[in-house]
Each structure stands twice: as C-alpha cells, then as structure tokens.
Amino acid sequence: NNHTQDAGVKMSKILIVDDSPAQLYQLRQIVEKGGHQAVTAESGERAIELAGCENPEVILMDIVMPGMSGYQAKRQLGKEKSTCHIPVIFVSSKDGEADRAWGLRQGAREYVTKPVNPNLLLSAISEAMAA
C-alpha cells in the first residue's frame, strides 16, 4: 500500500471519532480537503479497534459520546503499546477553559472546539504530526 504520490507528498491517515454522522461528514471533508485520508469511527470502542489496525497518524476525538467517552478512549489508547504514540486532538462542543485544560491534561496534543474552524483543525493536525 505504499504507492508514491506526486511530488512526494505523504498522505496521512487521520482517524475521526464522533457519534454524529453530520460531524463525521464535516470533519472528513476538512481532512480530505487538507490532503489527508480519513478513517471514521462512531464510538470510542470502535476508535480503539481501528487505531490498532489502521495505525492512523493522528486521531480527532469527540468527547461526549454514548458508551465510552473520548477521555476514556484516549486513556485506553494510551495503555496499548500499538497506539500509545498516536497523537489525539480532542474536537468538542465543550468550549470552556476548564474543559480545554482537562482535555490537554488527559494527554491530548490539542483541543479544538466545535463549530470547527477548518484552518485551525488542519494546522493542529500538521503540528501533531510534526511533533
């Protein structure tokens, strides 16, 4: 699966996790317009499964989801040898300063609030990959 692309641009695989199909669609559009490949999951449980087999470069994680929350999923990913290195960016409608601080304390690389600003999100993805 390592076909080289024009000008040596490496496409990055981004795992998008959100229980809202509308949000998934919107985030996928942003990610794909940014030149990345998107893989989507509608739950924290599925995100953990996919992170293990798809080995994404970055995970965009919603926080409030039925079942496992984004925080729980992030902790679980951090426990697994195969996924603990993957940077997680929380994408949440909780836009309080305390929410942001707590998200970053969970080990997230960045915390982006909804409605998502596409440029902000893409630059957060680039920074997470460069780190």
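A quick note: this is a predicted structure, and the numbers were derived from the prediction, not measured.

A.B. asks: I would appreciate a short explanation of unusual backbone geometry in the present structure.
C.D. replies: Glycine aside, residues mostly have negative phi angles, and peptide bonds mostly take the trans form. Looking along the chain, the bond that leaves Lys114 and enters Pro115 is cis, with omega of -10°. Summarising the element assignment, Pro115 is placed in the loop between strand E5 (110–113) and helix H5 (118–130).

A.B. asks: Would you explain the sheet that holds strand E1 (residues 13–17) in this entry?
C.D. replies: Two modes of strand pairing occur in sheets, parallel and antiparallel, and in both the strands are linked by backbone hydrogen bonds. The strand order across the open sheet built from 5 strands is E2-E1-E3-E4-E5, with neighbouring strands paired in parallel fashion. Because the sheet does not close on itself, it has two edges, and the strands there are strand E2 (37–41) and E5. Between one strand axis and the next, the sheet turns by 20° as a mean value, whatever way the strands run. Summarising the sheet, E1 and E2 pair through 5 bridges and their orientation is parallel. Bridged to Leu15 within E2 is Val39. Relative to E2, helix H1 (residues 21–33) is tilted by about 160°, and along the sheet it contacts E1, E2, strand E3 (58–61) and strand E4 (88–92).

A.B. asks: Explain the packing of aromatic side chains to me, please; I cannot follow it from the model alone.
C.D. replies: In this description, an aromatic ring pair is defined by two values, namely the gap between the centres and the angle between the planes. Scanning the entire structure with this criterion turns up 3 aromatic pairs. Seen in terms of ring centroids, Tyr71 and Trp102 are 6.2 Å apart; in terms of plane orientation they differ by 85°. Their pairing is edge-to-face. Pair noted here: Tyr71 is in helix H3 (residues 70–79) and Trp102 is in helix H4 (residues 97–105), with a separation of 31 residues, a long-range link. Given the relative accessible area of 10%, Tyr71 is considered buried.

A.B. asks: Would you mind showing me how to read the pattern of salt bridges here?
C.D. replies: Per the counting criterion, the structure on display carries 7 salt bridges. Linking Glu54 and Lys13 is a salt bridge whose minimum nitrogen-to-oxygen distance equals 2.7 Å. You can see Glu54 sitting in helix H2 (residues 44–54) and its partner Lys13 sitting in strand E1, a full 41 residues away along the chain. What makes Glu54 partly exposed here is its relative accessible area of 28%. By sharing partners, the salt bridges in this structure join Asp18, Asp62 and Lys114 into a single network.

A.B. asks: I'm lost on the state of the cysteines in this one. Help?
C.D. replies: A covalent bond between the sulfur atoms of two cysteines is referred to as a disulfide. All chains considered together, the criterion is met by 0 disulfides. The cysteine Cys53 is free of any disulfide, with Cys84 supplying the nearest cysteine sulfur at 16 Å. Classification of Cys53 by relative accessible area gives exposed; the value is 58%.

A.B. asks: Got a minute to help me understand the packing of H1 against H5 in this structure?
C.D. replies: In helix packing, the relevant descriptors are the interaxial angle and the interaxial distance, both defined with respect to the helix axes. Interhelical geometry of H1 versus H5 gives an angle of 65° and a closest axis separation of 10 Å. In the packing of H1 onto H5, the handedness of the crossing is right-handed. Together, Leu27, Ile30 and Val31 of H1 and Pro118, Leu121, Leu122 and Ile125 of H5 make up the contact between the two elements. Residues belonging to the contact of H1 with H5 are distributed by class as follows: 7 nonpolar, no polar and no charged.

Criteria and cut-off values
Residues numbered from 1 in each chain as written. Predicted model: local features only at pLDDT ≥ 70, side-chain atom pairs only at ≥ 80, totals over all residues. Heavy atoms only, no water. Helix = DSSP H or I, 4+ residues; strand = E, 2+ residues; numbered from the N terminus. Pairing = 2+ DSSP bridges. Axes fitted to C-alpha atoms, helices over the stretch in contact; angles between N-to-C directions. Contact = heavy atoms within 4.5 Å. Phe/Tyr/Trp six-rings, centres within 6.5 Å; stacked < 30°, edge-to-face > 60°. Buried < 20%, exposed > 50% of the residue type's maximum accessible area, 1.4 Å probe, protein only. Salt bridge = Lys/Arg side-chain N within 4 Å of Asp/Glu carboxyl O. Disulfide = S-S within 2.5 Å. Left-handed = near helix turned anticlockwise from the far one by under 90°. Nonpolar A, V, L, I, M, F, W, Y, C, P; charged D, E, K, R; others polar.

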